[in-house]
Amino acid sequence: MAATVKSSVKVFGGLLQRLTHRSSACACDMTFAVYMPPQAAAAPVPVVYWLSGLTCTDENFHQKSGFARAASQLGLCVVMPDTSPRGVQIDGADDSYDFGSGAGFYVDATQPKWRDHYQMYSYVKAELPEVVAAAYPGKLSPAASICGHSMGGHGALTLFLKNPGMYRSVSAFAPICNPTAVPWGDKAFKGYLGSVEAGAAHDATELMRQYSGPPFKILIDQGAADNFLSGEVNQLRPDTFAAVCNERGVELELRMQEGYDHSYYFISSFIADHLAFHAAALK
Ligand SMILES: N[C@@H](CCC(=O)N[C@@H](CSC=O)C(=O)NCC(=O)O)C(=O)O
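Residues numbered from 1 in each chain as written. Predicted model: local features only at pLDDT ≥ 70, side-chain atom pairs only at ≥ 80, totals over all residues. Heavy atoms only, no water.

**Some points on the UniProt feature "active site" (unreviewed entry) in the protein**
For clarity, the threshold we go by: UniProt positions are given in the numbering used here, feature names are shortened, and annotations may be inferred rather than shown by experiment. A helix here means a DSSP run of H or I that spans at least four residues, while a strand means a run of E at least two residues long, and both kinds are numbered starting from the N terminus. To sort residues, take the accessible area from a 1.4 Å probe on protein chains only and compare it with the maximum for the residue type: under 20% means buried, over 50% means exposed, and anything in between is partly exposed.
Annotation from UniProt places "active site" (unreviewed entry) at Ser150, Asp226 and His262. For this annotated set, covering 113 residues, all C-alpha atoms fall within 11.0 Å of each other, a compact arrangement in space. Counting through the fold element by element, serine 150 comes out in the loop between β6 (140-149) and α4 (151-162). By relative accessible area, which is 3% here, serine 150 ends up buried.

Here it is in structure tokens:
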């Protein structure tokens, strides 16, 4: 259903808007944000989808990352969906930060309790681009790229790998690279898909293991002081992903950023590089 604008603010010459619409994929009202750069007044601009991490709404990225200066300079539209359905009554959906509300994991749930609403893979892949195109007629070119953080990095990598040709480029900040092997993925895949094994179809490392398409380049930034990277629980596993990329001949630029943690301070430090990486692919 058509989206309604909830708020608009001018930033770096472009317009940042939050919109709401009735989602057919998620069977609830969904909110997303769009940054339209000033160049869109003259000609259609390409799109970068940003997928946020656990506990986020559509707002964390545009409030904390400082993305708009680079998006404006590069002429990129940035689309920022929410991370889960909202306002639906499912027992247990608000009990933990890493499952349910704010933690849709960018998969289509198959389990009866969740499947009527938790369809975030289909939402991001198919419904959202249509809703955005309809909301901004004539403003967008068909070219798109995808980028995300942590759970959203997992979403970006898997959407890219599962849909060759749909996105021109992919990058991520501290992505969950091998979710079938870590507690966050274990919980999400058992809950939404019924088993960890079913999650292999949504695991970037497993998808990369099977990758046989044309070569491409991935950019990943990882904070070396990220508390989710090491210790008892390593939720992220970039080294495992890097090893498989190497095996498959896919060029991964994995930048270990000394002293940086998992937060939006880290993202804000390198977001301009990621948008430039995507702009080069989208030209
Ligand atoms: N509350 C949790 C940590 C939650 C957290 O760190 N969320 C990250 C994404 S983590 C992976 O997807 C985030 O982006 N938070 C929003 C923000 O604005 O920082 C805990 O206590 O461990």
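**Re the side chain of glutamate 127**
Short version of the rule: Neither His nor the chain ends contribute to the count of charged residues, in which Lys and Arg are positive and Asp and Glu negative. A side-chain nitrogen of Lys or Arg and a carboxyl oxygen of Asp or Glu constitute a salt bridge if their distance falls within 4 Å. Whenever two N or O atoms come within 3.5 Å, that pair is a polar contact, provided that in protein one can donate a hydrogen and the other can accept it, and provided that, for residues adjacent in sequence, both atoms are side-chain atoms.
Residue position: glutamate 127 is located in helix α3 (residues 120-135). There is no salt bridge for the buried glutamate 127, and the closest opposite charge comes from arginine 22, which lies 8.5 Å off by N-O distance. A distance of 3.0 Å separates a polar side-chain atom of glutamate 127 from the backbone nitrogen of alanine 25.

**Things to note about helix α5 (residues 183-193)**
Regarding α5, the residues found buried are Trp184, Gly185, Ala188, Phe189, Gly191, Tyr192 and Leu193. Remark: glycine 194 follows α5 within two positions and exhibits a positive phi of approximately 95 degrees.

**Thoughts on the packing of aromatic side chains**
This is how it is decided: The rule is short: rings of Phe, Tyr and Trp, with Trp giving its six-membered ring, pair when the centres are within 6.5 Å, and they are stacked under 30 degrees, edge-to-face over 60, tilted in between.
Counted according to the given criterion, the structure contains 18 aromatic pairs. Taking 5.9 Å as the distance between ring centres and 75 degrees as the angle between the ring planes, the aromatic pair formed by phenylalanine 105 and phenylalanine 189 counts as edge-to-face. Of the two residues, phenylalanine 105 is situated in the loop between β5 (77-81) and α3 and phenylalanine 189 in helix α5; the sequence distance between them amounts to 84 residues. Classification of phenylalanine 189 by relative accessible area gives buried; the value is 0%. An aromatic cluster is defined as three or more aromatic residues linked by ring pairs; in this entry it consists of Tyr35, Trp50, Phe61, Phe67, Phe173, Tyr260, Phe266 and Phe270.

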